[in-house]
Amino acid sequence: MFCPTCGSEQSNDHRFCAHCGGRLPLELFAHRGAKQTNLFLGIPTHPDDTPEPVLRVTRYADDVEFESVEGSVVVPGHHVRFSIWVVDRPVCAMSLSDAEAERLGQFLLGSVRADPVWAPATG
């Protein structure tokens, strides 16, 4: 886990940052069931981009079985699924293993910490 205030890497059992003393958002990492989903609003950066795309990210902690009239399917656990939605339907999707998803998170946090505009206040 990384501190949202100063960006320092922390032990997962800490409640407060060992570097700046900021409260760590442990509730975000609590196990909430077999899957968790969050939506992120995209921004068009090219004239051909669809307005208001949405990135849907679902983390499957455990296997999940879905039932439908066509039958059932088991989605394996321990992966993160990314899908891009336009209006009310997905246009593409892919999954990452938990290890690759963690690596992606570290990459994104490292990019933010390296940005001089983001530099946390000291003092």
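Residues numbered from 1 in each chain as written. Predicted model: local features only at pLDDT ≥ 70, side-chain atom pairs only at ≥ 80, totals over all residues. Heavy atoms only, no water.

(A) Region of the structure containing the overall build of the protein chain. For the protein chain, the helix and strand inventory stands at one helix and six strands. Of the regular secondary structure in the protein chain, the N- to C-terminal order runs β-β-β-β-β-β-α. In the protein chain, which comprises 123 residues, the share counted as buried stands at 21%. Of the roughly 9,100 Å² that the protein chain leaves accessible, carbon and sulfur atoms contribute 58%. (Helix = DSSP H or I, 4+ residues; strand = E, 2+ residues; numbered from the N terminus. Buried < 20%, exposed > 50% of the residue type's maximum accessible area, 1.4 Å probe, protein only. Areas by Shrake-Rupley, 256 points an atom, 1.4 Å probe, with all protein chains shown as cover.)

(B) Representation of the pairing of strand β5 (residues 79-86) in the model. Judged from the seven bridges that link them, strand β2 (residues 54-60) and β5 form a sheet pairing that is antiparallel. The partner of Thr58 across the bridge, within β5, is Arg81. Joining the antiparallel neighbours β5 and strand β6 (residues 89-97) is a turn of two residues, in which Val87 adopts a positive phi near 60°. (Pairing = 2+ DSSP bridges.)

(C) The arrangement of the environment of Tyr60 in detail. By the secondary structure assignment, Tyr60 is in strand β2. The exposure class of Tyr60 is buried, given its relative accessible area of 9%. Separated by 37 residues in sequence, Tyr60 and Ser97 place their C-alpha atoms 9.8 Å apart. Not counting residues within four places of it along the chain, the set of residues in contact with Tyr60 comprises Ala34, Lys35, Phe66, Val75, Pro76, Gly77, His78, His79 and Arg81. (Contact = heavy atoms within 4.5 Å.)

(D) Inspection of the pairing of strand β4 (residues 71-75) at higher detail. Across five bridges, the pairing between strand β3 (residues 64-68) and β4 is antiparallel. The residue bridging Ser68 from the neighbouring strand is Gly71, located in β4. Following β3, the chain reverses through two residues before pairing antiparallel with β4.

(E) Inspection of the sheet that holds strand β1 (residues 35-41) at higher detail. Reading across from one edge, β1-β2-β5-β6 is the order of the four strands in this open sheet, with antiparallel pairing throughout. Of all strands in the sheet, those with a lone pairing partner are β1 and β6, marking the two edges. Pairs of neighbouring strands in the sheet enclose a mean axial angle of 20°, with direction left out of account. (Axes fitted to C-alpha atoms, helices over the stretch in contact; angles between N-to-C directions.)

(F) Region of the structure containing the pattern of salt bridges. A full pass over the atoms with the stated rule returns two salt bridges. Note that Asp98 and Arg59 form a salt bridge whose closest N and O atoms lie 3.4 Å from each other. Placement of the pair is Asp98 in helix α1 (residues 98-114) and Arg59 in strand β2, with a sequence separation of 39 residues. Asp98 sits in the partly exposed class, given a relative accessible area of 22%. In this structure, the salt-bridge partner of Glu100 is Arg103, at a minimum N-O distance of 3.1 Å. Here Glu100 and its partner Arg103 are both found in helix α1, three residues apart, which amounts to about one turn of the helix. (Salt bridge = Lys/Arg side-chain N within 4 Å of Asp/Glu carboxyl O.)

(G) Structural view of unusual backbone geometry. Phi at Glu52 takes a positive value of approximately 55°, unusual for a residue other than glycine. One can find Glu52 in the loop between β1 and β2. With phi around 60°, His78 is a residue other than glycine that occupies positive phi space. Take His78: it is sitting in the loop between β4 and β5. Given the relative accessible area of 53%, His78 is considered exposed.

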